[in-house]
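Chain by chain, the residues:
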Amino acid sequence: MQSPTDHLNELASQDYKYGFVTDIESDSVPPGLNEDVIKKISAIKEEPEWLLEWRLKAYEHWLKMTEPRWPKVDYPEVDFQSMVYYSSPKAKKELQSLDEVDPDLLETFDKLGISLDEQKRLSGVAVDAVFDSVSVATTFKDKLSELGIIFCSFSEAVREHPDLVKKYLGSVVPYSDNFYATLNSAVFSDGSFCYIPKGVRSPMELSTYFRINAANTGQFERTLIVADEDSYVSYLEGCTAPMRDENQLHAAVVELVALDNAQIKYSTVQNWYPGDENGKGGIYNFVTKRGACRGSDSKISWTQVETGSAITWKYPSCILQGDNSVGEFYSVALTKNYQQADTGTKMVHIGKNTRSTIISKGISAGRGQNSYRGLVKINKGAEGARNFSQCDSMLMGDRCGAHTFPYIEINNPTAQVEHEASTSKIGEDQIFYLRQRGISTEDAISMIVNGFCKEVFRELPMEFAVEAQKLLSISLEGSVG
Amino acid sequence: MLEIKELQAKVEDTQILKGISLQVNPGEVHAVMGPNGSGKSTLGKVIAGHEDYLVTGGSVAYKGKDLLDMEPEDRACEGVFLAFQYPVEIPGVGNNYFLRTALNSIRKYRGEEELDAFDFLELAREKADLVELDRSLLDRPVNEGFSGGEKKRNEVFQMAVLEPTLAVLDETDSGLDIDALKAVADGVNSMRGPDRGFIVITHYQRLLEYIVPDYVHVLHDGRIIKSGGKELALELEEKGYTWIEEEAANPAS
């Protein structure tokens, strides 16, 4: 395996690598949001009546809501009426194989280094590639379906498995949940659906690549993963986006459901365009991610490495309903230039003997602002609940900021809750020590930061861990010195 | 190999080195002794290129090059090694991984082939045994949770792996018990040779019983006030630093 320092050398000289635009005709609805737009989206997708009604209910609710301003992030008002809510690469029919995929699209995947062929042949990873808003190719589906695993685009799931979708859609994040989740519920375009049947252990990591491509198109993904009793799945989400001058809104919703003794491991590497060094452009990433440990002895782990986006607003959470269920949150968030991140988690303990672990590593450089915001809530009936939280912040330079907002609510006296927090400046002494041994400043910084994040990286699947280290190294280029 | 001429340096607004001249040839071991605050450690930091220390006068030539003009990492690649008085901890970074990266950047600088993980491990184990460093420390994060003695041994271990041309040992003996001291000294002695020079900075004569120097220099108030052979260290041990400071203050008496 290549060391992170090698990656740094290789990548230090590059600009944001994934900043290119593919010229593909888009089938878009006109800008703005109203009932007609929602009806049109639903019609394009040939959705059943109940789903359209659900969207419209959400829209109606959304009209009464106001944008939250409590996160410690600062950005101009978003004009929701100037956005385009649906765009899809023009496809003539359902695609059966890669041969049928638009060659431009395939080239884009090549540029991203995620050639589906290669992926199929080499990595054993099934990829549901989301290009803008429509899934264009899904691989390994046959192999997975032998085991009864359903892994497909959300639209396909609505058509092929309406009962499952109807049963679980909105069951973790209801359409009325919050401003952005409600907006998503009204206009979501596509996403991924995954169902692991009873007693099945997914033999491979399931992976989706997201990419925002059409100018001015907000992307509203919807992901739903259901792990039935005694099942296991590891899901990877990796993101890149092309360079844009306008800010782009991304308001995704991810819902996870783990039944008795089921386990879901959800890993994210997020590298959307963060804006330039003056804070111009970049993605607004307002995401609602929540998992319900509905069954006893179930487990949900969130691992995220967040290096991109101009603004990140994201709290992957666990609702620990089942007795003895376990929730985990491992996070690395890096902000530089003018990036802002307000991220953390919520662990809600409802069942008995529920346990949760939170490890958060925030790195701020340049004028970056990094906030950890986390809630640990122990409900009255959560006898014997335990939580351990550790929030470490690292500062590089003297113009950045790190903030920690831990909220703890305990309604049961048997609970054990521990919280540790630290803030440190990257040590000049550490850098000098490494340089004295012959290591360059940039490699030294990369090494120190990767060491700082190690507890999180070791939770990532191997190939993702490498990518995460790469991302950190690129992102840190020129941050100190 | 190393030629220091009238070197002056300050930290913030305090002048620490006030004109030091010292020549180290290959194969020689120079001991630099002196009371606290005399500038011993500063000398080591300046040679290594620490940015907090501003050189205000004089020159340092190393293998014919201007050492002061080089970045710290380039000095290291050219064979300058500093064993730190207070080695820092680097959480989450494995000792092995760190040292392999260091060794390979030095080898790359010299146009040598990089060592793979297996070859490196073999080398690291051999050197760890040499300085009696517990092998289990190789897998642990750099210096994290190490005892004082383990940190110092780890410095000498790194020196043994990197094989510098000029090694500066900054109070490597402080905080060591007698067994650790012997182990460290054995490690250093095994590396003595015709191509390598040492500057051993120490407060006490004790270390010099084990690492016998060719020359001893006494530093006081930023200047070398007396130089001699190994017997000078014994004299200092007997009479203390005051004797020599008084002598320096009243050269006529």
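Keep in mind the model is a prediction, meaning the values are calculated, not measured. (Residues numbered from 1 in each chain as written. Chains lettered and ligands numbered in written order. Predicted model: local features only at pLDDT ≥ 70, side-chain atom pairs only at ≥ 80, totals over all residues. Heavy atoms only, no water.)

Our next topic: the overall build of chain A. Helix and strand counts for chain A stand at 13 helices and 23 strands. Split into buried and exposed, the 481 residues of chain A put 62% on the buried side. Considering only residue pairs separated by 6 or more positions, chain A has 84% of its internal contacts joining residues 24 or more positions apart. Counting only carbon and sulfur atoms, one obtains 46% of the accessible surface of chain A, whose full area is about 18200 Å². (Helix = DSSP H or I, 4+ residues; strand = E, 2+ residues; numbered from the N terminus. Buried < 20%, exposed > 50% of the residue type's maximum accessible area, 1.4 Å probe, protein only. Contact = heavy atoms within 4.5 Å. Areas by Shrake-Rupley, 256 points an atom, 1.4 Å probe, with all protein chains shown as cover.)

Turning our attention to the confidence of the model for chain A. Low-pLDDT portions of the prediction should not be read for the details of their coordinates. Residues and elements named next belong to chain A. When pLDDT is averaged along chain A, the result is 80; 77% of the residues meet or exceed 70. Note that residues 117–126 has pLDDT below 50 and, in this model, 25 contacts with residues that lie over four places away or in other chains. For residues 132–138, every residue scores under 50 in pLDDT, and the model assigns this stretch 39 contacts once sequence neighbours within four places are set aside. (pLDDT = per-residue confidence, 0-100.)

When you line up the elements, Gly49(B) lands in the loop between helix 1 (40–48) and strand 4 (53–62). According to the relative accessible area criterion, Gly49(B) is buried, its value standing at 12%. Here the alpha-carbon distance between Gly49(B) and Met70(B), two residues 21 residues apart in the chain, equals 7.8 Å. Setting aside chain neighbours within four positions, we find Gly49(B) in contact with Phe432(A), Pro72(B) and Arg75(B).

It is worth spelling out the pattern of salt bridges at this point. Applying the stated criterion across every chain yields a total of 25 salt bridges over all chains. Between Lys314(A) and Glu306(A) there is a salt bridge, and its shortest N-O distance comes to 2.2 Å. Note on accessibility: Lys314(A) and Glu306(A) belong to one class, buried. Put simply, Glu78(B) and Lys65(B) hold a salt bridge, and the shortest N to O gap is 2.8 Å. Separated by 13 residues along the polypeptide, Glu78(B) in the loop between helix 2 (72–77) and strand 6 (80–83) and Lys65(B) in strand 5 (residues 65–66) bring together distant segments of the chain. Given the relative accessible area of 42%, Lys65(B) is considered partly exposed. Taken together, the shared-partner salt bridges in this structure form one network comprising Arg435(A), Glu51(B), Glu71(B) and Glu73(B). (Salt bridge = Lys/Arg side-chain N within 4 Å of Asp/Glu carboxyl O.)

Another aspect to go through is the sheet that holds strand 12 (residues 223–228) of chain B. Hydrogen bonds between backbone groups are what pair the strands of a sheet, and the pairing can be parallel or antiparallel. All names here are of chain B. Read across the open sheet, the six strands follow the order 6-9-10-3-11-12; overall the sheet is mixed. Across the chains shown, the open sheet's two edge strands, defined by having one partner strand only, are strand 6 and strand 12. Sheet twist, expressed as the mean angle between neighbouring strand axes with direction ignored, is 20 degrees. As paired elements, strand 3 (residues 29–33) and strand 11 (residues 215–220) share four bridges and run parallel to each other. Directly across from Val-32, in strand 11, lies its bridge partner His-217. Strands in contact with helix 5 (residues 148–162) are strand 6, strand 9 (166–170) and strand 10 (197–202); relative to strand 6, the strand with the most contacts, it is inclined by about 165 degrees. (Pairing = 2+ DSSP bridges. Axes fitted to C-alpha atoms, helices over the stretch in contact; angles between N-to-C directions.)

With that settled, the discussion passes to helix 11 (residues 441–452) of chain A. With 12 residues, helix 11 of chain A should reach 16 Å at 1.5 Å per residue; the first-to-last C-alpha distance of 16 Å fits that figure. Every buried residue belonging to helix 11 of chain A is among Thr441(A), Asp443(A), Ala444(A), Ile445(A), Ser446(A), Met447(A), Ile448(A), Val449(A), Asn450(A), Gly451(A) and Phe452(A), and all of these are buried. (Expected span 1.5 Å × (residues − 1).)

This paragraph deals with the side chain of Asn387(A). Residue and element names in this part refer to chain A. Secondary-structure assignment places Asn-387 in strand 21 (residues 386–395). Side-chain polar atoms of Asn-387 contact the side chain of Ser-356, separated by 3.0 Å. Not counting residues within four places of it along the chain, the set of residues in contact with Asn-387 comprises His-349, Ser-356, Ile-358, Val-376, Gln-416, Val-417 and Glu-418. (Polar contact = N/O pair within 3.5 Å; in protein donor to acceptor, adjacent residues only side chain to side chain.)

Count 3.6 residues to each turn of an α-helix, and residues three or four apart come out pointing the same way. Its 15 residues give helix 3 (residues 95–109) of chain B an end-to-end C-alpha distance of 21 Å, which sits within 8% of 21 Å, the value for a rise of 1.5 Å per residue. Following helix 3 of chain B by one or two positions, Gly111(B) has its phi on the positive side, about 75 degrees.

Attention shifts here to the interface of chain B and chain A. If you look at the interface, chain B gives 34 residues, while chain A gives 21 residues. Both sides together, the interface formed by chain B and chain A hides about 2200 Å², and carbon and sulfur atoms give 61% of it. Of all residues in chain B, Glu73(B), Phe84(B) and Tyr97(B) bury the most surface against chain A, accounting for 23% of the area lost on that side. The tally of links between chain B and chain A comes to four salt bridges. When the shortest N-O distance is used, the salt bridge between Glu51(B) and Arg435(A) registers 3.0 Å. If you list the elements that add at least two residues to the side of chain B that touches chain A, you get helix 1, helix 2, strand 6, strand 7 (90–94), helix 3 and helix 5 of chain B. For the side of chain B that touches chain A, the element with the most residues is helix 3 of chain B, which contributes seven residues. Split into classes, the residues belonging to the side of chain B that touches chain A amount to 20 nonpolar, seven polar and seven charged. (Buried area = accessible area lost by both parts, 1.4 Å probe. Nonpolar A, V, L, I, M, F, W, Y, C, P; charged D, E, K, R; others polar.)

Glancing now at the pairing of strand 1 (residues 2–11) of chain B. The side chains of a regular strand alternate between both faces of the sheet. Residue and element names in this part refer to chain B. Here eight bridges tie strand 1 to strand 2 (residues 14–24), and the two strands are oriented antiparallel to one another. Counterpart to Glu-3 in the pairing with strand 2 is Gln-23. Taken together, strand 1 and the strand that follows it, strand 2, pair antiparallel across an intervening segment of two residues, in which Glu-12 is found at a positive phi of about 50 degrees. Sheet topology places strand 1 next to strand 4; eight bridges connect them, and they run antiparallel.

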